[in-house]
Amino acid sequence: MILAAIAMVGSHFLPGDLSAGTEQIQQGKLAYKDNCASCHGADLKGTRQGPPFIHKVYEPSHHGDEAFYRAAANGVRAHHWRFGDMPPVPGVTREEVGDIIAYIREQQRQHGIE
């Protein structure tokens, strides 16, 4: 019964949405490269300046999508890692952050992080 309701409503309302389109993911990959890769690594595995996104700390149940939006807009105080505080990312739009999130989540799923 519940599965039928989900099918009728559509899975795009569920947490951990898997329906991000290929175009959005590709846009996110480009925006990630321009705005995030220098600290978080081109492969999302971190650098000396920033932590990896391919890590269970960033799974959706621990750091939801809103945490990414807030970090990009406002910066974030260091709390899991010893890289120092993350500054806000100037010039990145909320839409671009949404694309970046879609890309990160897709990469996380490929590495078994759900």
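For the structure, check the block above.
Residues numbered from 1 in each chain as written. Predicted model: local features only at pLDDT ≥ 70, side-chain atom pairs only at ≥ 80, totals over all residues. Heavy atoms only, no water.

J.: Any chance you could break down the overall build of the chain for me, citing the residues and the numbers?
T.: Looking only at helices and strands, the chain has five helices and zero strands in total. Taken from N to C terminus, the helices and strands of the chain fall in the order α-α-α-α-α. Pairs at least 24 residues apart make up 54% of the contacts formed inside the chain by residues separated by at least 6 positions. (Helix = DSSP H or I, 4+ residues; strand = E, 2+ residues; numbered from the N terminus. Contact = heavy atoms within 4.5 Å.)

J.: I'd love a proper account of the state of the cysteines, names of residues and values included.
T.: The final tally for this structure, using the stated rule, is zero disulfides. Cysteine C36 shares no disulfide, and the gap to the nearest cysteine sulfur, in C39, comes to 8.8 Å. You can call C39 partly exposed: its relative accessible area is 31%. (Disulfide = S-S within 2.5 Å. Buried < 20%, exposed > 50% of the residue type's maximum accessible area, 1.4 Å probe, protein only.)

J.: Let's hear about the packing of aromatic side chains: which residues, and what values?
T.: Within this structure, the stated rule accounts for six aromatic pairs. Centroid distance Y32 to Y103: 5.6 Å. Interplanar angle 55°. Geometry classified as tilted. Residue Y32 is found in helix 2 (residues 22–35), and its partner Y103 is found in helix 5 (residues 94–110); the two are separated by 71 residues along the sequence. Taking relative accessible area as the criterion, Y32 reaches 2% and is therefore assigned buried. Residue class for Y103 comes out buried when judged on its relative accessible area of 7%. When the ring of F53 is compared with that of Y58, the centres are 5.0 Å apart and the planes differ by 80°; the resulting orientation is edge-to-face. (Phe/Tyr/Trp six-rings, centres within 6.5 Å; stacked < 30°, edge-to-face > 60°.)

Interpretation note: all reported values are geometric properties and have no functional meaning in isolation.
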